[in-house]
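# Secondary and tertiary structure notes
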Amino acid sequence: MSDPMDFLLWTKGPAFEWAIAIFALGLLARLLEIFVIGRRPNYAEPRAGEWGPGMRTVFTRSIADPGTFKSAPFNVVVGWIWHVGFLIVLLLFIPHLELIKSLLGFAWPGLPNPVVDLVTAVTLVALVATLVHRLTHPVKKRISTVEDYVVWGITFLVVLSGYLAYHRVINPYPLALGLHILSAEIFLILLPFTKLTHIFTTVIARWYNGASFGRRGVAS
Amino acid sequence: MSELTLERGLAALRAEIDGPVAAFFSSCVHCGICATACPFYVETGDPKYTPILKVEPLRRVWKSEFTLWGRLLSTLGLTKKVTDEMLAEWEELIYDSCSMCGRCSLVCPVGNDIQAMVRKTREGMVASGHAPEGLIAASVRAIQTGSPMGLQWKTLQVQIEHVQSSTGLEVPVDKAGVDYLAMLSSMEVINFPEYLEAITKIFDHAGVTWTLSTQCFEATNAGIQIGNKDVAALLVQRVVDAAVKLGVKNVISPECGHAYTAIRWEGPNLIGKPYPFKVFHIIEVLDELRAAGRIKTEGMETDRLSMHDPCNLARKSGVIDQQRNLMNLVADNFVELKEHGKYQWCCGAGGGVSSNERAEPLKLAAFKRKKAQIEEVSPARMVTMCATCRTQLEEGLEEFNMDIPVVGLTEMIADHLVEKA
Amino acid sequence: MTKANKTLGESLREHGVSRRGFLKFCAATASMMALPPSMVPAIAAALEKARRPSVIWLSFQECTGCTESLTRSHSPTVEDLILDVISLDYHHTLQAASGDAAEAAREQAMKENHGSYLLIVDGSLPGPDSNPGYSTIAGISNYDLLMEAVEGAAAVVAVGTCAAFGGLPAANPNPTGAVSVMDLVKDKPVINVSGCPPVPMVITGVLAHYLTFGKLPELDQYHRPKAFFGQSIHDRCYRRPFYDKGLFAESFDDEGAKAGWCLYRLGCKGPSTYNACATMRWNSGTSWPVESGHPCLGCSEPRFWDAGSFYAPLSVPTGANGGTILAAGVTGAIVGGAVAALARKQVKAERADRQPVTVDELEQKL
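Residues numbered from 1 in each chain as written. Chains lettered and ligands numbered in written order. Predicted model: local features only at pLDDT ≥ 70, side-chain atom pairs only at ≥ 80, totals over all residues. Heavy atoms only, no water.

### Remarks on the sheet that holds strand 3 (residues 250-253) of chain B
Residue and element names in this part refer to chain B.
- A sheet is described by the order of its strands in space; here 4 strands give the open sequence 2-1-3-4, paired in parallel fashion. Since the sheet does not close on itself, it has two edges, and those belong to strand 2 (210-211) and strand 4 (278-281), each with one partner.
- Here helix 16 (residues 229-246) sits on the sheet and contacts strand 1 (180-182), strand 2 and strand 3; the angle it forms with strand 1, its principal contact strand, is near 140°.
- The sheet contacts of helix 17 (residues 258-271) involve strand 3 and strand 4, and relative to strand 4 the element is tilted by about 165°. (Pairing = 2+ DSSP bridges. Helix = DSSP H or I, 4+ residues; strand = E, 2+ residues; numbered from the N terminus. Contact = heavy atoms within 4.5 Å. Axes fitted to C-alpha atoms, helices over the stretch in contact; angles between N-to-C directions.)

Take a look at the structure:
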């Protein structure tokens, strides 16, 4: 890593391959751990099927019920803001779409850069707010572990480094872009071994929840 | 003589790991929203009662033994272990501050069924010898005497005779081939004897053939409360044996919450096969009779009434509309609590909490959430369909000097039956 | 033959360049180097008196593009004059002599001007551990030629990306073991004028600075003059407003391309490239790649040949493609499957082996 260009090419070359390999291996392992252990048969007579209610909960659980919204407004509102912001930046920023196209073979239309830029700024502020909340709210303080803060850190770094690179605050640019790509690679490597797995397993958990309650006749 | 050990507790926890558990723990992001749905946290403000924290023993076993990363860390000795000290500390969290009401399971943003995981974690607690005295005693009594409160048939017989002489109707006992085998809860028999009289009258009115069984009359399941499938299976098997012996098509679970969950949902899995009969809660039966036009009522309760849905009935079993249909039959001033049905708030006494003397203060604290709900609506009386909920409501309201009587729905229906010609 | 006796001022006057024309050149040089107008008299005075320095130009593994760039002009320009007023004592393409006579001229110039000649190098050269036979001149290896010439040089100018960073010969798999001038010369000032080829005026601007001030201009971390390499193409590109607005050409000749929109999606490396193309442009300011509709290749940056396809956007990884992900996924599935199967076996065993809890055991706890 003798110079910024070498650093950038390393992040775009071997580092990327390793990150993707570890990510795929770890994630597949986790998904299979869930599905292969599976569930025991359920002999109780069901009131309804599982698939419909399961799929329903996958979607409806994204919307907080009125009671939860009233008692946990920060979690609900700020949670939505930063997640949606993160997804917009990840999936609707043209340079990211080119990356996706190179990996999947297809992509979709994006948003104008200044819009993504604004969303990124909002996301960064929201993320900082979540850190403060985690450090100060009694429940979050009690149940949080080192992992929660490390995951916050790497998530924040990914967004921040991208923002700084876009605005060319760090020079030269190959260094800035390399830092952003490296932080995303670290994110990918950490993903399967931390709570970041929720990105992929939330759908499964919600389905199991909806199925279990749906079987008993309750839309959860 | 074999004994309960940490090793057996860990083995029990391992046996409880399944796909959903793995998905749930993979998805928890420590957002803490589950705490906002738990009356034990909401009314004490103590974050240790956060629902997901209650199942930490289960999580540690899953993480260190059932995940790739966890196994790697274990070999390096870097995972958090489950110890006797930890389980002793967790006893309060799993039993005293949790009624397995399932509200947390309904609000978790990533879809974690925390209640189900509490149930699973209790298996580990019992097998390692860390369950509350009250629940252990109830389980032992239930197995040895047939009733968690030690109620004997001869005491029930006295009540049967009282009902027969009061109503002039027969209370069938050990009748084979009838439509329904009715189960009872000891709590109900002792505290709310009007239930037996009510169903006697209603079934006679509706022309339903039914019976009690001397072989087994207890619906409640201490094994479910304490969270041990061996005790639970034994108790369910007794119900199954009695039903099979009498050749009945349907079994009725009484005005109780966990008894219904035990027989309706857990039972077949405890014995490892489906039942040769159907299971209903009394409220389901009554509503079906109402819909078929077999219940004729007259007159209405005119005072302002509200209703408490038992968690095991509403949120955990989907019996929500039925009680409302029945209410509307006999009440013309029925007003709902603001959060009702599947989002109702637990009374605080279910899931074994009321059998756990040590949990009294917490039980009362949790009740304050219900109290707030009731105060918002200011009913003259509360209606419910579970003996434990009813006892908790009565005791709680009295504790706070609120003069609001509590009445069972079945007895209210019975009070309005049109007299047979 | 050296003509090192006339001063630059004398030479220019001989060529009919008026005082006014000369001062205009000095002003242009000053502004090119981002020097204030107040420096113009100093530049004029220095250039007036400057003796024509000897310049040895060594060409190694190169394509001669840098020389072509330098000499590309259609009418006498001041660049030509500058070239006339340096004593270009050795240059393969431009010199009249050849063979032994050429080498003799070189050796003589080096001897006569020992310690004061300017050494210009284009092309990369096989490193000391490589087979010298890959590139020799008059039987002498590039490496020996360079080290001998550097010894008596006042400074070294590495012209073109090959000389500055290794360039094309050093691209994967680098069969000749090519290295850059910078890799070999540690004890003399080295200035890199990268680009493939460099902008002509950048070369002459550097020379003008050296002639004026007798030292090298301010350099960046890659030893390139900041005056020309201090800004990225992206920051000076006339199409930047389209990037900022998010308007991109998606394929060559599509509507966006015809409208002159940003070429990021066609592989433009402008954001990570530092050069003067966007402002100074080529062919005396006629145009430059982006203006003619082609994405910037990033040719003034190290290892630009190995930095991924010229037509792949900057955000695309160089190595991975769908195949890598598939392979990783399959491995993951196998490993994961094994782990999961083990877990399932474990759970099943626990369930089968479990010792039921008995009343006696419970009673012990009362």
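### Section: the domain arrangement of chain C
All names here are of chain C.
- Domain boundaries assigned for chain C yield domain 1 (48-229), domain 2 (233-314) and domain 3 (316-366).
- Spacing between the C-alpha centres of domain 1 and domain 2 amounts to 28 Å.
- Contact residues are listed per partner, giving 22 residues for domain 1 and 16 residues for domain 2.
- Between the two partners, domain 1 and domain 2, sit 1 salt bridge.
- Between Glu301 and Arg224 there is a salt bridge, with its nearest N and O atoms 3.1 Å apart.
- Counting across the domain 1 and domain 2 interface gives 6 residue pairs in polar contact (both at pLDDT 80 or more).
- Sorting the residues of the side of domain 1 that touches domain 2 by element identifies helix 8 (160-165), helix 10 (200-213) and helix 11 (226-229) as the ones contributing at least two each.
- Broken down by element, the residue count for the side of domain 1 that touches domain 2 peaks at 3 residues, all from helix 10.
- For the side of domain 1 that touches domain 2, the class distribution of residues is 14 nonpolar, 6 polar and 2 charged. (Domains from an automatic or database assignment. Salt bridge = Lys/Arg side-chain N within 4 Å of Asp/Glu carboxyl O. Polar contact = N/O pair within 3.5 Å; in protein donor to acceptor, adjacent residues only side chain to side chain. Nonpolar A, V, L, I, M, F, W, Y, C, P; charged D, E, K, R; others polar.)

### Quick look at the environment of Gly67(A)
Residues and elements named next belong to chain A.
- You can see Gly67 is positioned in helix 4 (residues 66-71).
- Classification of Gly67 by relative accessible area gives partly exposed; the value is 22%.
- Sequence separation between Gly67 and Phe23 is 44 residues, and the spatial gap between their C-alpha atoms is 37 Å. (Buried < 20%, exposed > 50% of the residue type's maximum accessible area, 1.4 Å probe, protein only.)

### Describing the interface of chain C and chain B
- Taken together, the contact between chain C and chain B spans 18 residues of the former and 29 residues of the latter.
- Interface of chain C and chain B: buried area, both sides summed, is about 2300 Å²; carbon and sulfur atoms make up 62% of it.
- On the chain C side of the interface with chain B, the three residues burying the most area are Val357(C), Leu362(C) and Lys365(C), jointly 24% of the side's total.
- In this assembly, chain C and chain B are joined by 3 salt bridges.
- A salt bridge links Arg354(C) to Asp230(B); its shortest N-O distance comes to 3.0 Å.
- Broken down by secondary-structure element, the contributors of at least two residues to the side of chain C that touches chain B are helix 16 (322-353) and helix 17 (359-364) of chain C.
- The leading source of residues in the side of chain C that touches chain B is helix 16 of chain C, at 7 residues.
- Partitioning the side of chain C that touches chain B into residue classes produces 9 nonpolar, 3 polar and 6 charged. (Buried area = accessible area lost by both parts, 1.4 Å probe.)

### Topic: the packing of helix 9 (residues 146-166) of chain A against helix 10 (residues 173-190) of chain A
Residue and element names in this part refer to chain A.
- At a closest axis distance of 9 Å, the pairing of helix 9 and helix 10 adopts a crossing angle of 155°. Between helix 9 and helix 10, the crossing angle belongs to the class labelled roughly antiparallel. Between helix 9 and helix 10 lies a crossing whose hand is left-handed. Of helix 10, the residues touching helix 9 (which contributes Val150, Ile154, Thr155, Leu157, Val158, Ser161, Gly162 and Ala165) are Tyr173, Ala176, Leu177, Leu179, His180, Ser183, Ala184, Ile186, Phe187 and Leu190.
- A per-class count over the contact of helix 9 with helix 10 returns 13 nonpolar, 5 polar and no charged. (Parallel < 35°, antiparallel > 145°, perpendicular 65-115°, else oblique. Left-handed = near helix turned anticlockwise from the far one by under 90°.)

### A short note on the interface of chain A and chain B
- Each partner contributes residues to the interface: chain A has 54 residues there, and chain B has 62 residues.
- In terms of surface lost to chain B, no three residues of chain A exceed Tyr43(A), Arg47(A) and Ile143(A), which account for 14% of the buried area on that side.
- Counting the contacts that link chain A with chain B gives 2 salt bridges.
- The residue Glu45(A) makes a salt bridge to Lys278(B) at a minimum N-O spacing of 2.9 Å.
- On the surface where chain A and chain B come into contact, there are 28 residue pairs in polar contact (both at pLDDT 80 or more).
- Those elements giving two or more residues to the side of chain A that touches chain B turn out to be helix 2 (14-37), helix 4, helix 8 (138-143), helix 9 and helix 11 (198-215) of chain A.
- For the side of chain A that touches chain B, the per-class residue count stands at 19 nonpolar, 17 polar and 18 charged.

### Let's talk about the pattern of salt bridges
- One pass over the structure, following the stated rule, counts 50 salt bridges over all chains.
- A salt bridge links Glu361(C) to Arg8(B), with the nearest nitrogen and oxygen atoms 2.5 Å apart. With one member in each of two chains, Glu361(C) in helix 17 and Arg8(B) in helix 1 (residues 6-16) form a pair that bridges those chains. As far as the burial class goes, Glu361(C) and Arg8(B) line up, both buried.
- We note a salt bridge from Arg60(B) to Glu56(B), for which the minimum N-O separation is 3.0 Å. Taken together, the residues span about one helical turn, with Arg60(B) and Glu56(B) both in helix 6 (residues 56-66) at a distance of 4 residues.

### Comments concerning helix 3 (residues 40-49) of chain C
All names here are of chain C.
- Buried residues of helix 3: Val40, Ile43, Ala44, Leu47 and Glu48, and no others. One side of helix 3 holds all its buried residues, which, seen down the axis, span an arc of 130°. Of the residues in helix 3, the exposed ones pointing more than 90 degrees away from the buried face are Pro41 and Lys49.
- The inward-facing, buried residues of helix 3 contact helix 1 (8-14), helix 2 (19-32) and helix 10. (Arc of directions from axis to C-beta.)

### What about a nonpolar patch on the surface?
Residue and element names in this part refer to chain A.
- Judged by side-chain polarity, Leu87, Leu90, Leu91, Leu104, Phe106 and Trp108 come together as a nonpolar surface patch covering roughly 540 Å² of accessible area.
- Per element, the largest residue contribution to the nonpolar patch is 3 residues, and it comes from helix 5 (residues 73-92).
- Tracing the chain through its elements places Leu91 in helix 5. (Patch = residues over 30% accessible without salt bridge, like charges linked within 9 Å, V, L, I, M, F, W, Y side chains within 5 Å. Areas by Shrake-Rupley, 256 points an atom, 1.4 Å probe, with all protein chains shown as cover.)

### Remarks on the state of the cysteines
All names here are of chain C.
- The final tally for this structure, using the stated rule, is 0 disulfides over all chains.
- Cys63 supplies the cysteine sulfur nearest to Cys66, a cysteine that is in no disulfide, at a spacing of 6.3 Å.
- Among the residues examined, Cys66 registers a relative accessible area of 11% and is labelled buried.
- We note that Cys296 lacks a disulfide partner, and the nearest cysteine sulfur, in Cys268, lies 5.0 Å from it. (Disulfide = S-S within 2.5 Å.)

### Section: the nonpolar core
- Membership of the largest hydrophobic core comes to 79 residues, with the highest contact counts inside it found for Ile17(B), Phe25(B), Ile52(B), Phe66(B), Tyr95(B), Met117(B) and Leu362(C).
- Sequence-distant contacts of Ile52(B), that is, excluding residues within four places in its chain, are made with Ile143(A), Phe25(B), Cys28(B), Cys34(B), Asn112(B), Ile114(B) and Met117(B).
- Counting residues in hydrophobic clusters, the runner-up holds 74 residues, among them Val178(B), Ile202(B), Ala331(B) and Ala414(B). (Core = buried A, V, L, I, M, F, W, Y, C linked by side-chain atoms within 4.5 Å.)

### Some points on a negative patch on the surface
All names here are of chain C.
- Together, Asp144, Glu148, Glu151 and Asp187 give the surface a local cluster of negative charge.
- One can find Glu151 in helix 7 (residues 142-151).
- When its relative accessible area of 57% is taken as the criterion, Glu151 is described as exposed. (Lys, Arg positive; Asp, Glu negative; His and termini not counted. Charge placed at Lys NZ, Arg CZ, Asp CG, Glu CD.)

### Here's the deal with the side chain of Gln225(B)
- In this fold, Gln225(B) is placed in helix 15 (residues 222-226).
- Within polar-contact distance, the side chain of Gln225(B) engages the backbone nitrogen of Gly352(B) at 2.9 Å.

### Quick notes on the sheet that holds strand 1 (residues 54-59) of chain C
Residue and element names in this part refer to chain C.
- Strand order in the open sheet made by the 5 strands is 2-1-3-7-9, with parallel pairing throughout. Edge positions in the sheet fall to strand 2 (87-90) and strand 9 (190-193), since each of these pairs with one other strand and no more. Within the sheet, the average angular offset between the axes of one strand and its neighbour, ignoring direction, is 25°.
- Strands strand 1, strand 2 and strand 3 (117-122) of the sheet are contacted by helix 6 (residues 99-112), whose axis makes an angle of about 135° with strand 1.
- Seen against the sheet, helix 7 touches strand 1, strand 3 and strand 7 (153-159) and runs at an angle of roughly 155° to strand 3.

### A few points about the pairing of strand 9 of chain C
All names here are of chain C.
- Side chains Val190 and Asn192 of strand 9 all project onto a buried face; the interleaved residues Ile191 and Val193 project onto the opposite face, where all are buried too.
- When strand 7 meets strand 9, the two strands line up parallel, connected through 4 bridges. Paired with Val159 across the two strands is Val193, which belongs to strand 9.

### Remarks on helix 5 of chain A
- The first and last C-alpha atoms of helix 5 of chain A sit 27 Å apart over 20 residues, in line with the 28 Å expected at 1.5 Å per residue.
- For helix 5 of chain A, the complete set of buried residues consists of Asn75(A), Val76(A), Val78(A), Gly79(A), Trp82(A), Gly85(A), Phe86(A) and Val89(A).
- Next to the buried residues of helix 5 of chain A lie helix 4, helix 6 (94-104), helix 7 (113-136), helix 8 and helix 9 of chain A together with helix 3 (33-36) of chain B. (Expected span 1.5 Å × (residues − 1).)

### Brief notes about the packing of helix 16 of chain B against helix 17 of chain B
Residues and elements named next belong to chain B.
- For the pair helix 16 and helix 17, interaxial distance at closest approach is 9 Å and the crossing angle is 105°. Relative to helix 17, helix 16 is oriented roughly perpendicular. Across the interface between the two elements, Lys229, Ala232, Ala233, Val236, Gln237, Val239 and Val240 of helix 16 pack against Ala262, Ile263, Gly267, Leu270 and Ile271 of helix 17.
- Its residues assigned to classes, the contact of helix 16 with helix 17 shows 9 nonpolar, 2 polar and 1 charged.

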